[in-house]
Amino acid sequence: MESTNMSYLNPKTVILIGIPGLQHVQFWIGFPFLGVCLVALLGNIFLLIIIPTERSLHQPMYIFLAVLAATDLGLCVAIAPKMLAIFWFGSCSMAFDACLTQLFFIHALQGMESGILLAMAFDRYVAICDPLRHMSILTPFFLVLMILMLAIRATVLVGILPILLKRLQLFRSVAIVHSYCEHMAVVKLAAEDVHINKSYGLFVAFAILGFDMIFVFISYILILQAVFCLPHKEARLKALSTCTAHILVFLEFYILAFFSFFSHRFGHVSPHIHILSSTIYLLVPPALNPIVYGVKTKEIRRRVKQICILKPDTPK
């Protein structure tokens, strides 16, 4: 790495400074985040064990839930080890290429999670608004195709971000004001024209999060419209109960996502508040998703109890 006039030419390493202004207490901040990560890891591993082994859960909704659990596990693994190493051991340096790799996986998995929430909303829309054709529309082939398309979309759109960053050569600093490598945090280090990077970053955010949020919102409006047209109160309550978990997960994900996104680009939020909120946005949904779906799904609750007390499944 060469330094010229306080600028850095083709840096080989970057420094993640953690939470600016809170370095003196970030050792202790690491423990709540560790707890959240452990809940996320255990909860999502339980889902990935239970869903394939429980025949009654071999339905489109739970197949999407299994993919969501795998995505959430990936997010935790991509973020937590380095973040906790910074908080606890002061291990702040990171190879620039490793930073770009972490950036790619974090944003691609975010995009995948958003897509899976859209797929789950579509599943609930078909199940409630066109129940007789639910299984004929969401066939195994259609599910695999949808999941592959979501994965390709996230990989291709997000994959261009590190490529655009890699073409930058001159940086005014190598200190990233964050606890993980985030696209805009790296872009702000550049001493060159980054108009293309910023514009493409906005395009990716709206092409994935914005597009998905609009269609999830439309799906739930149509679902609620269909539910309230049902003649019997019991039928309405039953239909609503199948959507409650999805609505909670949808709200927690998109509210935190857009707060983090807009505060980083357009807001005047203190850096430590932004970094804490963006870390919470990435780590809290993976911990909450298994809890929300576990509480709402009888089969998952039963299997978790069996696993926890090591009791074999009794014949029905």
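Higher on the page you've got the structure.
I will try to describe carefully the structure that is included in this document. Because the structure is predicted, anything quoted here is derived from the model rather than measured. (Residues numbered from 1 in each chain as written. Predicted model: local features only at pLDDT ≥ 70, side-chain atom pairs only at ≥ 80, totals over all residues. Heavy atoms only, no water.)

1. Observations regarding the overall build of the protein chain
Note the following rule: Numbering of helices and strands runs from the N terminus, with a helix taken as a DSSP run of H or I at least four residues long and a strand as a DSSP run of E at least two residues long. The atom set for the radius of gyration is the C-alpha atoms, and the globule formula is 2.2 Å times the number of residues raised to the power 0.38. Note on exposure labels: buried denotes an accessible area under 20% of the residue type's maximum, exposed denotes more than 50%, and partly exposed covers the range between, all computed with a 1.4 Å probe on protein chains only. Whether two residues are in contact is decided by their heavy atoms: any pair within 4.5 Å suffices.
A count of helical and extended segments in the protein chain gives 10 helices and six strands. Relative to a compact globule of 316 residues, whose C-alpha radius of gyration would be 20 Å, the protein chain shows 21 Å and is just as compact. For the protein chain, the spread of C-alpha atoms along the three principal axes comes to 75 × 40 × 35 Å. When the 316 residues of the protein chain are sorted by exposure, 48% land in the buried category. The contacts of the protein chain with a sequence gap of at least 6 include a subset with a gap of at least 24, amounting to 78%.

2. A closer look at the sheet that holds strand E4 (residues 93–95)
Put simply, the rule reads: Note: two strands are recorded as paired if DSSP finds a minimum of 2 bridges between them. A fitted line through C-alpha atoms serves as each axis, taken over the contacting stretch for helices, and the angle formed by two N-to-C directions is quoted from 0 to 180°.
The mixed open sheet is built from three strands, whose spatial order is E4-E3-E6. Two strands in the sheet have a free side with no partner beyond their single neighbour: E4 and strand E6 (175–176). Where strand E3 (residues 13–16) lies against E6, two bridges are found, and the strand directions are parallel. When the sheet's bridge partners are listed, Leu16 is paired in E6 with Ile176. In the packing of helix H3 (residues 96–129) onto the sheet, the strands contacted are E3, E4 and E6, and the crossing angle to E4 comes to about 85°.

3. Comments concerning the packing of helix H2 (residues 60–89) against H3
Helix packing for two helices is described by the angle between their axes and how far apart those axes are. Spelled out, the test is: Roughly parallel covers angles under 35 degrees, roughly antiparallel covers those over 145, roughly perpendicular covers 65 to 115, and oblique covers all other angles. What makes a crossing left-handed is the near helix being turned counterclockwise from the far one by less than a right angle; a clockwise turn instead makes it right-handed. Here the term charged refers only to Asp, Glu, Lys and Arg, the term nonpolar to Ala, Val, Leu, Ile, Met, Phe, Trp, Tyr, Cys and Pro, and the term polar to all other amino acids, Gly among them.
One way to put it is that H2 packs onto H3 with a least axis distance of 9 Å and a crossing angle of 160°. One way to sum up the angle between H2 and H3 is to call them roughly antiparallel. Regarding H2 and H3, the two cross each other, and that crossing is left-handed. Partitioned by chemical class, the residues of the contact of H2 with H3 number 16 nonpolar, three polar and five charged.

4. Thoughts on empty space enclosed by the protein
This is how it is decided: Space inside and on the surface of the protein is sampled on a 1 Å grid over the protein atoms alone, with a cavity defined as a set of points where a 1.4 Å probe fits but cannot get out and a pocket as an open set with protein on both sides within 12 Å along at least 5 of 7 lines; lining residues have an atom within 4 Å of a point. Grid points are joined across faces, edges and corners, and a volume is the space filled by probe spheres set on the points.
Summed over the entire model, instances satisfying the criterion amount to three cavities of 30 Å³ or more. In this model, the second largest cavity occupies a volume close to 40 Å³. Taken together, Leu117, Met120, Ala121, Val216, Tyr220, His246, Phe250 and Tyr293 make up the lining of the second largest cavity. Counting only elements with at least two residues in the lining of the second largest cavity, the list comes to H3, helix H7 (195–227) and helix H8 (233–265). Among the elements that line the lining of the second largest cavity, the one with the most residues is H3, at three residues. Along the lines of polarity and charge, the residues of the lining of the second largest cavity split into seven nonpolar, one polar and no charged.

5. Some remarks on the packing of aromatic side chains
The description of an aromatic ring pair uses the distance of the two centres, along with the angle that the planes make with each other. Using the following cut-off: Only Phe, Tyr and Trp rings take part, Trp by its six-membered ring, and two of them pair if their centres are within 6.5 Å. Stacked means planes under 30 degrees apart, edge-to-face means over 60, and tilted covers everything else.
Under the defined criterion, the tally for this structure stands at 10 aromatic pairs. Taking the centre distance of 5.5 Å and the plane angle of 75° together, the rings of Phe27 and Phe31 count as edge-to-face. One end of the pair is Phe27 and the other is Phe31, both in helix H1 (residues 26–53) and four residues apart, which spans about a single turn. For Phe27, a relative accessible area of 34% translates into the label partly exposed. Both rings, one in Phe104 and one in Phe105, keep their centres 5.2 Å apart while their planes meet at 70°; by these two values the pair is edge-to-face. Counting every residue linked through ring pairs, the aromatic cluster contains Phe27, Trp28, Phe31 and Trp88.

6. Things to note about the pattern of salt bridges
As a reminder of what qualifies: We define a salt bridge as a side-chain nitrogen of Lys or Arg found within 4 Å of a carboxyl oxygen belonging to Asp or Glu.
All chains considered together, the criterion is met by four salt bridges. For Asp97, the salt bridge goes to Lys166, with nearest N and O atoms at 2.6 Å. Of this pair, Asp97 sits in helix H3 while Lys166 sits in helix H5 (residues 140–166), placing them 69 residues apart in sequence. Residue Asp97 is classed as partly exposed on the basis of its relative accessible area of 43%.

7. Considering the state of the cysteines
The condition is simple: In what follows, a disulfide is any cysteine sulfur pair within 2.5 Å.
Counted according to the given criterion, the structure contains one disulfide. Across the disulfide, Cys99 is cross-linked to Cys181 (sulfur-sulfur distance 2.0 Å). Taking the sign of the S-S torsion, about -125° here, the bridge from Cys99 to Cys181 comes out left-handed. Of this pair, Cys99 sits in helix H3 while Cys181 sits in the loop between E6 and helix H6 (183–187), placing them 82 residues apart in sequence. Of the two residues examined, Cys99 and Cys181, each falls in the buried class.

8. A closer look at the side chain of Asp212
Selection criterion: Counting of polar contacts relies on pairs of N or O atoms within 3.5 Å, with two restrictions inside protein: one atom must be capable of donating a hydrogen and the other of accepting it, and residues adjacent in sequence are counted only when both atoms are side-chain atoms.
Counting through the fold element by element, Asp212 comes out in helix H7. When its relative accessible area of 0% is taken as the criterion, Asp212 is described as buried. At 3.3 Å, the side chain of Asp212 forms a polar contact with the backbone nitrogen of Gly115. Not counting residues up to four positions away in its chain, the partners in contact with Asp212 are Gly111, Ser114, Gly115, Leu118, Arg153 and Tyr254.

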